[in-house]
Amino acid sequence: MRVLIVDNSTETQALCAKRIEGFTKGDKEMLDLKVRLVNDREFVDRLSEADVVIFGSGISDQAISLARQIRTEAAWIQIVMFVTDKEYGGGAFRSAHSVGVRKVFPESAGSLDLLQELVAIHADFRKDGRTYEGRIVVVLHAKGGVGGTSVTAALGEACSAANRRTMLWDLDVETKDLSRALAASGPEAKIISGWVNGSRDINRETFRDALIPIVGDVSVLTPPAGFAESMDLVCHADGMEISQRIIELSRVLFDVVIVDTAGRMGPAVGGLLRVADLVIMVTDDSELGLTAVDLLLTSVKPLLGGSDRLRFIINPSSDEPVNFKQISTELDNVHQLSEAAWSLPVIPFDPKAAEWPGTGSTLYSSGSKELRNVIADIARKLGLVEQLGVKGVGISYDEDASSARGWLQRLFRRRSESEMR
Ligand SMILES: Nc1ncnc2c1ncn2[C@@H]1O[C@H](COP(=O)(O)OP(=O)(O)OP(=O)(O)O)[C@@H](O)[C@H]1O
Ligand SMILES: [Mg+2]
C-alpha cells in the first residue's frame, strides 16, 4: 500500500511518519507499506503514486481544500487526516467527512490507532481487488496415497506454464514427498527450523532465503530441517503463528500458494483451513477412501464454516469408470455440500504418469493429453490461471506434450550434469 504523508514542513511530516515507524516489521510487511513524505505544494504531482493520503495536523484548514482536490482528481485514494487536539471535535468531523475524508485523528493518537485504520483500508482494498494478493490453496486428503502430492505438483507445473509466481509448500514433515519428488533440498530448511525454534526471525528477507527456486516462477518451501522443529510446526500450537506468518508473506510475494498438508490435521493446518481461499480434498473412489472423506469432513467443515471454499478432486486408483453422481450424492446427503464442491473434473488414471516423482515432470506433463487438459482445467476452475480466451496468459489446451514437458527436466538435467562433474 502506497502512503503519501502530506504536511507543510519536514519536521511535521517526520512526526507523522514516526507513527508508521512504530508499526512492527510484520505489520509493515503485511500491509506492504511504501511511505513517501511530501509538502502541501508538491503533493498533487505525487497523487498518482498513492493509495492513501495522510494529512498531518500542520496544514490544518488547508487539508479540507486539498481533500476536495483529491476527490476530483483521484477519487479512489483513501484520505486520513490528523488535526490538533484542540480542533478535534464535531466541527472537524463534519467538514472532513463532507469532502470524503475517511478518518480524522487527534494529534495525540498513537501508532496503533493509525495501524488499525490502515489495516481496515487494506482489507477494503482486498475486497475490491485493489490490493493484489496471492491465492492460497490447501490440499487435504483423508486416506494416504490418493494423490495429494501429485495434484499439488501438477497444479504447480500448470501454474508455471501460465507464468504464475507459485509457491508449493510441503507440510509433509515426515517423508517430505513433494520436496523429494521435485528435488528441492538444501540448507534452506535450516532457516525454517530457525523460525520454529526461535533462533531466527521470520521476515521478508529470511522468507526469501528459505525458498528453493525450482524453475521459472515456482519455488518450494520445504519442511524444517530438524525432526523436533518439524513436529512443532505441525503439531504444536506455536506452529499456528509461524504458519500464519508464512501465509502473510507468501500472499504478498506469490500469485499462487499451494500447500500439501499430507492429510495431517493439527493447529497449523487448522489455521490454514481458516484463511485458505480454497481447500481441495483429494480422494480416490474406493469404499475406504470415501468413508475416510466422510469422517474428515465432520471435523473440517466447522473450520471452513461450510463448504463454499471446498472442492473435491476424485483421483481414481484404476481406470475403471468412476460413479461421480453416486459419490457426490452420498456425501451431499450427509454433509449438505455446495454445488461448487463438485465442479472439478475427475482426474484420469494414467499408469505412465504415475512415474513422475524425480523425473523432472509432474502429472501435468508426464501423461496423456487428456490428463494434462484435466489438470489445466482444474487450475482454471480454481482461479489459479486465467480463463481460456484471455490473451497472453493461460495454458494452451493444444499444447504439445513434448513442449509442456521440460518444466523440471532442465533443472534435473542441470543437477545430474553437475553431479557427474
Ligand atoms: N492420476 C494418476 N494416475 C496414475 N498414478 C497416479 C495418479 N495420481 C497419483 N498417482 C500415483 O499414485 C502414487 C501416490 O500418489 P501421491 O504420493 O501423490 O499420493 P499422496 O496422497 O500424496 O500420498 P501420501 O498419503 O503418502 O501423502 C504416486 O506413485 C503417484 O505417482
Ligand atoms: Mg503426499
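Thresholds applied
Residues numbered from 1 in each chain as written. Chains lettered and ligands numbered in written order. Predicted model: local features only at pLDDT ≥ 70, side-chain atom pairs only at ≥ 80, totals over all residues. Heavy atoms only, no water. Helix = DSSP H or I, 4+ residues; strand = E, 2+ residues; numbered from the N terminus. Contact = heavy atoms within 4.5 Å. Areas by Shrake-Rupley, 256 points an atom, 1.4 Å probe, with all protein chains shown as cover. Core = buried A, V, L, I, M, F, W, Y, C linked by side-chain atoms within 4.5 Å. Buried < 20%, exposed > 50% of the residue type's maximum accessible area, 1.4 Å probe, protein only. Arc of directions from axis to C-beta. Pairing = 2+ DSSP bridges. Axes fitted to C-alpha atoms, helices over the stretch in contact; angles between N-to-C directions. pLDDT = per-residue confidence, 0-100. Phe/Tyr/Trp six-rings, centres within 6.5 Å; stacked < 30°, edge-to-face > 60°. Lys NZ or Arg CZ within 6 Å of the ring centre and 35° of its normal. Near = heavy atom within 4 Å. Polar contact = N/O pair within 3.5 Å; in protein donor to acceptor, adjacent residues only side chain to side chain. Nonpolar A, V, L, I, M, F, W, Y, C, P; charged D, E, K, R; others polar. Salt bridge = Lys/Arg side-chain N within 4 Å of Asp/Glu carboxyl O.

(A) Representation of the overall build of the protein. A tally of helices and strands in the protein yields 19 helices and 12 strands. In terms of principal-axis extent, the alpha carbons of the protein reach across some 75 × 60 × 45 Å. When contacts within the protein are restricted to residue pairs at least 6 apart in sequence, those whose partners lie at least 24 apart make up 76%. Here the protein has roughly 18,700 Å² of accessible surface; of this, 50% comes from carbon and sulfur atoms.

(B) Broad picture of the nonpolar core. The biggest cluster of nonpolar side chains holds 46 residues, and the ones touching the most others in it are Trp-195, Phe-207 and Leu-221. The element contributing the most residues to this core is helix α14 (residues 287–304), with six residues. Look past the residues within four positions of Trp-195 in its chain and what remains in contact with it is Arg-200, Asp-201, Ile-202, Thr-206, Phe-207, Ala-210, Leu-221, Ile-242 and Ile-246.

(C) The arrangement of helix α11 (residues 227–235) in detail. Among the residues of α11, those classed as buried are Glu-229, Ser-230, Leu-233 and Val-234. Taken down its axis, α11 places every buried residue within 120° of arc, on the same side. Opposite the buried face of α11, by more than 90 degrees, sit the exposed residues Phe-227 and Ala-228. Of the surrounding secondary structure, the elements contacted by the buried residues of α11 are α9 (188–197), α12 (238–253) and α13 (267–275).

(D) The sheet that holds strand β7 (residues 166–170), seen in detail. Spatial strand order, β8-β9-β7-β10-β6-β11-β12: seven strands in an open sheet with mixed pairing. Of all the strands in the sheet, the pair left with one neighbour each is β8 (212–215) and β12 (310–314). Each adjacent strand pair in this sheet contributes to an overall mean axis angle of 25°, direction not counted. Both strand β6 (residues 135–141) and strand β11 (residues 278–283) contribute to a ladder of five bridges, which runs parallel. Considered in β11, the bridge of Val-137 is made with Leu-278. Of the strands in this sheet, β6, β11 and β12 touch α14, which is tilted by about 165° from β11.

(E) Summary view of the confidence of the model for the protein. Looking at the protein as a whole, its pLDDT mean stands at 89, while 92% of the residues score no less than 70. Segment residues 388–405: pLDDT under 50, and 32 contacts once partners within four positions in sequence are set aside and those in other chains are kept.

(F) Highlighting the packing of aromatic side chains. Applying the stated criterion across every chain, the model contains six aromatic pairs. Look at Tyr-88 and Phe-93: their rings are 5.0 Å apart centre to centre, the planes differ by 75°, and that puts the pair in the edge-to-face class. According to the relative accessible area criterion, Tyr-88 is partly exposed, its value standing at 36%. The ring of Phe-82 is capped by Arg-19, whose NZ or CZ atom sits 3.9 Å from the centre of that ring.

(G) A look at the environment of Ala-154. For Ala-154, the position within the fold is in helix α7 (residues 148–161). Accessibility expressed as a relative area gives 0% for Ala-154, which makes it buried. Between the alpha carbons of Ala-154 and Gly-58 there is a distance of 56 Å; along the sequence they are 96 residues apart. Not counting chain neighbours up to four residues away, the residues in contact with Ala-154 comprise Thr-362, Leu-363, Tyr-364 and Ile-375.

(H) Just the site of ligand 1, in detail. In the vicinity of ligand 1 lie 17 residues, with Gly-145, Gly-148, Thr-149, Ser-150 and Ala-354 positioned nearest. One of the backbone nitrogen or oxygen atoms of Val-146 is found 3.1 Å away from an oxygen atom of ligand 1. Within the backbone of Gly-148, an N or O atom sits 2.8 Å from an oxygen atom of ligand 1. Here ligand 1 has 640 Å² of accessible area as a free molecule, and 77% of this is covered by the chains. Per-element accounting of the shell around ligand 1 gives the leading share, three residues, to α7. Considering only residue class, the shell around ligand 1 consists of seven nonpolar, eight polar and two charged.

(I) Seen up close, the pattern of salt bridges. This model, assessed by the stated rule, comprises 20 salt bridges. Note that Glu-117 is salt-bridged to Arg-102, the shortest N-O span being 2.7 Å. Note that Glu-117 is positioned in helix α6 (residues 111–127) and Arg-102 in the loop between α5 (90–98) and β5 (103–106), a separation of 15 residues in sequence. A salt bridge links Arg-180 to Asp-177; the nearest nitrogen and oxygen atoms lie 2.7 Å apart. With a gap of three residues between them, Arg-180 and Asp-177 both fall in helix α8 (residues 177–181), about one helical turn apart. Of the residues examined, Asp-177 reaches a relative accessible area of 29% and is grouped as partly exposed.

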